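Working through the structure, step by step
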Amino acid sequence: MKNTGLSAGMMLAFAAFASFSISDAYSKLLAGQIDPFEVAFFGGVFGLPLIPFIRGKNESYRDLFVIRQPVMWLVRAAATFAATAASVEAFMLLPMPEAFSLIFLMPLFVTGLSVMLLREKVSTLGWLSVIMGFVGVLIVLRPGLRALQFGHLCALIAAVANAVGVIAYRLSGKNTPRLSMFSSSLCGPLLGNGVLMLAHARWPHGADIWMFLFGYGFLAALGQLLMMMATTRAAASAIALPQYSQMLWAVAFSYYVFHEPLDNWTFVGVAVIIASGLFKWVDPRAIIRLVTVKQQVIVHPF
């Protein structure tokens, strides 16, 4: 029975990360057609229909308006806003493997912040894992041999913002209602992106644009729902590994959908990044006992 639960949790996690990856591909399909802030705004709007399924047992919809620890609530909102805006821009400007490789630096930032702010202890294998992931990113990007662009900065900002969001959720405690956490990660992107899009906003035209916007927002929220279901069936350390399947999705989309050239070094770097995830899976202590951004809370970049 235990193995069955683990298998179900792993399958749900793979489905969740597939949903996240397709969502990111939809945002990239909107490049040049609509302002990135507007994409992030509508992504949040189209995630709203899943609120009834996100609501936990014994929670009231009034918990959406419950603000406990206002400082942490604001930090979560700001972090999610920065992550959504920056990640959309990054996926629009960069090949998906490059954007993902930088966003996957998030565990490095989480580890550092956790040690400094939460006094968490990390095993030697844990540090080796995050360093190995960083080396994989360097192989993919090869700074000094290739020009870095604004999109790379955006992906790095998204990684840092996601890490700050994880720490803020951790500091908020376990007793905060799930809908209250959702409201912070909802208000940040809706308000922040809503304000910033005003200067360049235009009403989307065309069924394809609306389909891409809906797919981007709905699938991101669906991924969150699937991940929450996965965490009830398997330990966080077990379902952390499927996150690295996103790199495979990124390579497939980059080659088959966006027809972007991929050299051999990109595949080597992707392999190193995935291997760093295997380290975390082999030794659960390698990961700080935090559930990753996409596993615990609604903070995935819409």
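Residues numbered from 1 in each chain as written. Predicted model: local features only at pLDDT ≥ 70, side-chain atom pairs only at ≥ 80, totals over all residues. Heavy atoms only, no water.

**Points about the layout of surface pockets**
Roughly 160 Å³ of volume is contained in the second largest pocket. Around the second largest pocket, the lining comprises twelve residues; the ones closest to its centre are Leu102, Leu141, Leu148, His152 and Leu156. A total of four residues in the lining of the second largest pocket trace back to one element, the largest contributor, which is helix 7 (residues 124–141). (1 Å grid on protein atoms, 1.4 Å probe; cavity = no way out; pocket = protein on both sides within 12 Å on 5 of 7 lines; lining within 4 Å. Points joined across faces, edges and corners; volume = space filled by probe spheres on them. Helix = DSSP H or I, 4+ residues; strand = E, 2+ residues; numbered from the N terminus.)

**Considerations on the packing of aromatic side chains**
Two aromatic rings are characterised by how far apart their centres lie and by the angle between their planes. Within the structure shown, the criterion is met by 14 aromatic pairs. Here the aromatic rings of phenylalanine 41 and phenylalanine 42 are separated by 5.4 Å at their centres, their planes lie at 80°, and the arrangement is edge-to-face. The residues phenylalanine 41 and phenylalanine 42 share a single accessibility class, namely buried. Their ring planes at 85° and their centres at 5.5 Å tell us that phenylalanine 42 and tryptophan 210 sit as a pair that is edge-to-face. Taken together, the residues phenylalanine 42 in helix 2 (residues 36–45) and tryptophan 210 in helix 10 (residues 207–231) connect sequence positions 168 residues apart. (Phe/Tyr/Trp six-rings, centres within 6.5 Å; stacked < 30°, edge-to-face > 60°. Buried < 20%, exposed > 50% of the residue type's maximum accessible area, 1.4 Å probe, protein only.)

**A short note on the packing of helix 2 against helix 4 (residues 70–93)**
At a minimum axis separation of 9 Å, helix 2 and helix 4 run at an interaxial angle of 120°. Classified by the interaxial angle, the pair formed by helix 2 and helix 4 is oblique. When you trace helix 2 past helix 4, the crossing you get is right-handed. Contacts between helix 2 and helix 4 involve Pro36, Phe37, Val39 and Ala40 on the former and, on the latter, Thr84, Ala85, Val88, Glu89 and Met92. For the contact of helix 2 with helix 4, a count of residues per class yields seven nonpolar, one polar and one charged. (Axes fitted to C-alpha atoms, helices over the stretch in contact; angles between N-to-C directions. Parallel < 35°, antiparallel > 145°, perpendicular 65-115°, else oblique. Left-handed = near helix turned anticlockwise from the far one by under 90°. Contact = heavy atoms within 4.5 Å. Nonpolar A, V, L, I, M, F, W, Y, C, P; charged D, E, K, R; others polar.)

**Considering the packing of helix 5 (residues 96–103) against helix 7**
It is the contact of helix 5 with helix 7, at a shortest axis distance of 9 Å, that shows an interaxial angle of 155°. Taken together, helix 5 and helix 7 sit at an angle that is classed as roughly antiparallel. Viewed along their axes, helix 5 and helix 7 form a crossing whose handedness is left-handed. Facing Pro97, Glu98, Ser101 and Leu102 of helix 5, the residues of helix 7 in contact are Val137, Val140 and Leu141. Its residues placed into classes, the contact of helix 5 with helix 7 shows five nonpolar, one polar and one charged.

**Some points on the environment of glutamine 224**
On the secondary structure map, glutamine 224 appears in helix 10. With relative accessibility at 2%, the residue glutamine 224 sits in the buried group. As a C-alpha pair, glutamine 224 and leucine 50 span 174 residues in sequence and 9.6 Å in three-dimensional space.

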